Amino acid sequence: MPDLPPPHAHPQSGPHDIGGLGGPPVDRDEHDYAHWEKEADAIRMLLADAKRNFFTTDETRSLQERLDGDTYWALPYYERWIHAFSGLLVQKGVIGEDELSAEVARLRAAGADVIPYDDHHDHDHDHDHDHGRAHQPDHDAGETVLSPLRLRALAVRERLVARGIVTREEITAEIARMDARGEHLGARVVARAWSDPAYAARLAADGNAAGAELGIPAAATRLTALFNTATLHNLVVCTLCSCYPRTVLGRPPAWYKSRAYRARAVSEPRAVLAEFGLALPDDVEIRVHDSTAENRYLVIPARPPGTESWSEERLARLVTRDSMIGVAHAREAA
């Protein structure tokens, strides 16, 4: 009989394909999104929107996944996206590589690659920022010049603006649009589902339509609600990338995109939950849901006891981002 592979061994399609491979404990500390990260995200979204439609999410992922493993994991998350969207613009003939190189040289000659001291402290804070969370130093906190990919992102932006493909106002508006999204929206959905069984049924049938009832615009992806019970606990991960219900939760936390969480959540969910401080009884089933480019998940945590007469507004205060990912329960009633 041939030797059997290790329990979690499987053919990998690329450096990103790490689900079930195990790893170190999840680093739960978070960092605030810097302006350059928000801008990279905004440019990517604008280039893929219905107006421009230069590429799909799968295409941008494909370029990232062709990187060798050492490079893939050494690059910060949004630098991988910059690598992808800039490469696709060149591949599709939107901007030439020579044109980008010339713009990079122009920016460097103008000193645009030097990071002013104040920028080390100039990180945007979302309006619903939870100051109780531990925050890690930003990966670029000690840098004095832009990395090659960050400078390339500036060159892309300048050439797109010069060609009239994207305007600075559109970039600013897209950043503001994403800043306005956050866990407060998901909390409204959960509170309504707790309060209104008919709404909960509609949410279970069509998450996008149920969100629209509360004025939350639907995304191109499908939103699926997962209901926790006394015997079932749902946990959400994206093992291949970082797919996340941004329409109702905003941008994902750093740990959700981390190698450790993506690798371990599907194979040892109880251990991962324990690291987040959530110990579940053995008789509670844990069901792990792996997000895709087409489908995003929102966990509806169990309603805390003692809240039967509470208003939706009061209930929403008990709902946290982590409880809607599945790494925590909702807050207990005070």
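All of these numbers come straight from a predicted model, not from anything done at the bench. (Residues numbered from 1 in each chain as written. Predicted model: local features only at pLDDT ≥ 70, side-chain atom pairs only at ≥ 80, totals over all residues. Heavy atoms only, no water.)

K.L.:
Just give me the short version of the layout of surface pockets, but keep the residues and values in it.
P.N.:
Each pocket or cavity is described by its volume, and for the largest pocket that value is around 880 Å³. Every element with two or more residues in the lining of the largest pocket is listed here: helix 1 (35–47), helix 2 (57–65), helix 4 (77–91), helix 7 (168–179), helix 10 (207–213), strand 1 (222–227) and helix 11 (246–249). The class makeup of the residues in the lining of the largest pocket is 21 nonpolar, nine polar and ten charged. (1 Å grid on protein atoms, 1.4 Å probe; cavity = no way out; pocket = protein on both sides within 12 Å on 5 of 7 lines; lining within 4 Å. Points joined across faces, edges and corners; volume = space filled by probe spheres on them. Helix = DSSP H or I, 4+ residues; strand = E, 2+ residues; numbered from the N terminus. Nonpolar A, V, L, I, M, F, W, Y, C, P; charged D, E, K, R; others polar.)

K.L.:
If you had to explain the nonpolar core to someone new, which residues and values would you point to?
P.N.:
Ranked by internal contacts, the top residues of the largest apolar core, which has 90 residues, are Leu-160 and Tyr-261. With eight residues, the top contributor of residues to this core is helix 4. Ignoring any residue separated from it by four or fewer positions in sequence, one finds Tyr-261 in contact with Val-26, Leu-235, Val-236, Val-237, Trp-255, Tyr-256, Val-272, Phe-276, Ile-325 and Val-327. (Core = buried A, V, L, I, M, F, W, Y, C linked by side-chain atoms within 4.5 Å. Buried < 20%, exposed > 50% of the residue type's maximum accessible area, 1.4 Å probe, protein only. Contact = heavy atoms within 4.5 Å.)

K.L.:
Give me the lowdown on the state of the cysteines, citing residues and values where you can.
P.N.:
Following the criterion strictly, the structure yields zero disulfides and no others. A disulfide-free cysteine, Cys-241 has its sulfur positioned 5.2 Å from the sulfur of Cys-243, the nearest such atom. Of the residues examined, Cys-241 reaches a relative accessible area of 9% and is grouped as buried. As a non-bridged cysteine, Cys-243 has Cys-238 as the owner of its nearest cysteine sulfur, 3.9 Å distant. (Disulfide = S-S within 2.5 Å.)

K.L.:
Run through empty space enclosed by the protein, naming residues and quoting values.
P.N.:
What the rule picks out here adds up to two cavities of 30 Å³ or more. Approximately 30 Å³ is the volume attributed to the second largest cavity. Tallying contributions element by element places helix 2 first for the lining of the second largest cavity, with three residues.

K.L.:
Before we move on, can you summarise the side chain of Arg-44 with the specific residues and values?
P.N.:
Structurally, Arg-44 is set in helix 1. Dropping the residues within four chain positions of it, Arg-44 is found in contact with Phe-55, Trp-81, Phe-85 and Arg-246.

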